[in-house]
Amino acid sequence: MPSTSSAASDSDRPVPLNLWRDVDFRRLWMGQTASQLGEHASLVVLPLFAVLTLHASADRLGVLRAVGQAPILLLSLFVGAWVDRWRTRTTMVLTDVSRALALGAAALAGLSGRLGLPGLLALAFAVGALSVFFDVAYQASLVRLVGRDQLVRGNSVLEGSRSAAQIGGPALGGALVSLLSAPIAAASSALFFALSFLSIRRIRRAESIPERPEHPPRVWQRIHEGLRFVAGDTVLRTVCLASAAFQFSFAAMMTVYLLFLPRELHLSGTVVGLALAAAGPGALLGSLLAARLPSRFGHGPVLVCAAALGDGVFLCVPALHGSPAVTVPALLAVGFVFGGGGQLVNVTVMAVRQAVTPDGLQGRVAATITFVGMGSTPLGSLVGGFLAEVWELRTSLLVTAAAMMLSPVVMALSPLARLGRELPASHDASSTAVRRPSHPGRH
């Protein structure tokens, strides 16, 4: 068996050197962009629906947000196991049409006054669960769609559009609720998912999928295969540990940060939102840089330097004093640098992860790293809140910002830091099966 199954299928999917000339890649990009816009718009529309239409209290709003985020922890590992056995195109179009139908039905129920909080909670969980399926599938789809030499550039394009959606989606959702109404805004989010469905379903390139054995292993066995592969691979294990360290410390830091800005720097809610939004343009720049810097300076050095710069910039924040004329530009700069460094890390890590992972494990590896990284977030938030209670805010912010440096330190002390200009080769895994290309145009 070859070390990478993509070697056997690259001949079935010739990709132009310029990705934008590849029709199927453009369809994936357009569909992913529309889906991300719908997803991030709905993250604002549903809470506003609860507040403005159902007059939900603060604690009920917190429950609604938690229910929408719960599928990440509850389903990620299972989704990774399922996605590896399906065509990613099938998974994405099914989740798109399901989210469109769910939000469309909610819009009709809202307009007729029949959508209460229990129904909204069910909707939030369903949309969150379907989004987990889509996000894992689209990360695995790029490996099956383009050659290994195009992974960094392809990820740069896709992550750039995701960053734009993270900026524009919430703003669009809020504007639609303000100009129209919450139910109509929900219908507009459904429209984005419908557009994504129409674009992705037109992808025609053959997609390699695992050959299903006569007696397929149970889902728990498949999950264990993904966990074992990540734990046994030095690069992936480092990515997992660095992600967990970052998510934990970032959640703790953000808890303190959101208290520090209004209480210590006396900034209004509008200015706080502006400071947070500055990460968006930085992320767009980071996506552009990720298409060039790793191939010029090496993937390892870029990862370590970008993580150290993006995470370390928050060490400057506890030193801020004075009027908003001084602090606000500094905060905007901090957000911009953090967004740029963070996105540069995200794109490069994703390309490295996809390169070292056999096609039959792409979904499970993506889900495992998401599960481990995001799983530490609630604990980090609790720790940040505790530190803010027992220490003063400047001290707490300094400690939690310093803890963010654990992530680049973990990478710098590992073989990940020594990766060169070329992506590493895929590792063989006993769980990967003989693969066959699917017929073009079929789900």
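Below is a summary of the structure that appears in this document. Everything numeric in this text was worked out from a predicted model, so none of it was measured.

## Side note on the environment of Val 239
Working step 1: Relative to the elements of secondary structure, Val 239 occurs in helix 9 (residues 234-263).
Working step 2: Given the relative accessible area of 7%, Val 239 is considered buried.
Working step 3: Note: C-alpha distance between Val 239 and Val 410 (171 residues apart in sequence) is 8.8 Å.

## Quick notes on the pattern of salt bridges
Working step 1: All chains considered together, the criterion is met by 4 salt bridges.
Working step 2: The salt bridge partner of Arg 27 is Asp 24, with a shortest N-O separation of 3.4 Å. Taken as a pair, Arg 27 and Asp 24 lie in helix 2 (residues 23-53) at a separation of 3 residues, close to a single helical turn.
Working step 3: Take Asp 24: its relative accessible area is 8%, and that puts it in the buried class.
Working step 4: Of the charged contacts in the structure, one is a salt bridge between Arg 99 and Glu 39, with a shortest N-O distance of 3.9 Å. Placement of Arg 99 in helix 4 (residues 88-111) and of Glu 39 in helix 2 is noted, with a sequence separation of 60 residues between them. Of the two residues, Arg 99 and Glu 39, both sit in the buried class.
Working step 5: Counted as one network, the salt bridges with shared partners bring together Glu 39, Asp 96 and Arg 99.

## Overview of the packing of helix 13 (residues 299-312) against helix 14 (residues 324-356)
Working step 1: Interaxial distance between helix 13 and helix 14 falls to 8 Å at its minimum, and their mutual angle equals 150°. The angle between helix 13 and helix 14 falls in the class roughly antiparallel. Along this stretch, helix 13 crosses helix 14, giving a crossing that reads as left-handed. Packed against helix 13, whose contacting residues are His 299, Val 302, Leu 303, Ala 306, Ala 307, Leu 309, Gly 310 and Asp 311, the element helix 14 presents Val 337, Phe 338, Gly 341, Leu 344, Val 345, Thr 348, Val 349 and Val 352 at the interface.
Working step 2: Looking at the contact of helix 13 with helix 14, its residues break down into 11 nonpolar, 4 polar and 1 charged.

## Quick look at helix 7 (residues 182-200)
Working step 1: Under the 1.5 Å per step criterion, the end-to-end length of helix 7 is 28 Å for 19 residues, consistent within 8% with the ideal 27 Å.
Working step 2: Every buried residue belonging to helix 7 is among Ala 182, Pro 183, Ala 185, Ala 186, Ser 188, Ser 189, Ala 190, Phe 192, Phe 193, Ser 196, Ser 199 and Ile 200, and all of these are buried.

## Some remarks on the nonpolar core
Working step 1: Counting residues in hydrophobic clusters, the biggest one holds 29 residues, and the most contacted among them are Leu 236, Val 365, Met 411 and Leu 416.
Working step 2: Breaking this core down by element, the ones donating at least two residues are helix 8 (219-232), helix 9, helix 13, helix 14 and helix 15 (362-375).
Working step 3: In terms of residues, this core owes the most to one element, helix 14, which gives 8 residues.
Working step 4: Those residues in contact with Met 411 that lie beyond four places of it in its chain are Thr 238, Ala 242, Leu 303, Val 304, Ala 307, Leu 416 and Ala 417.

Thresholds, definitions, all that
- Along each chain, residues carry numbers from 1 onward, in the same order as the chain's sequence is written.
- Only residues with pLDDT of 70 or above have their local features reported here, since the model is predicted, and side-chain atom pairs are shown and tallied only from 80 upward, although totals for entire chains, interfaces and linings are computed over all residues.
- Computation of side-chain values covers all heavy atoms of the structure but excludes hydrogens and water.
- In DSSP terms, a helix is any run of H or I states spanning at least four residues, a strand is any run of E spanning at least two, and both are numbered starting from the N terminus.
- Exposure is judged per residue with a 1.4 Å probe applied to protein chains only, and the accessible area is read against the type maximum: over 50% gives exposed, under 20% gives buried, and values in between give partly exposed.
- We count a salt bridge whenever a side-chain nitrogen from Lys or Arg sits within 4 Å of a carboxyl oxygen from Asp or Glu.
- Here an axis means a line fitted to C-alpha atoms, over the contact stretch when the element is a helix, while the angle between two N-to-C directions is reported on a 0 to 180 degree scale.
- Should an angle lie under 35 degrees it is considered roughly parallel, over 145 roughly antiparallel, and from 65 to 115 roughly perpendicular; all remaining angles are considered oblique.
- Should the near helix be turned counterclockwise from the far one by less than a right angle, the crossing is left-handed, whereas a clockwise turn marks it as right-handed.
- Here a residue-residue contact requires only that any non-hydrogen atoms of the pair lie within 4.5 Å.
- Under the grouping applied here, Gly and all other residues not named as nonpolar or charged are polar, the nonpolar ones being Ala, Val, Leu, Ile, Met, Phe, Trp, Tyr, Cys and Pro and the charged ones Asp, Glu, Lys and Arg.
- By this rule the span expected of a helix is its residue count minus one, scaled by 1.5 Å.
- To define a nonpolar core, start from buried Ala, Val, Leu, Ile, Met, Phe, Trp, Tyr and Cys residues and group those joined through side-chain atoms within 4.5 Å.

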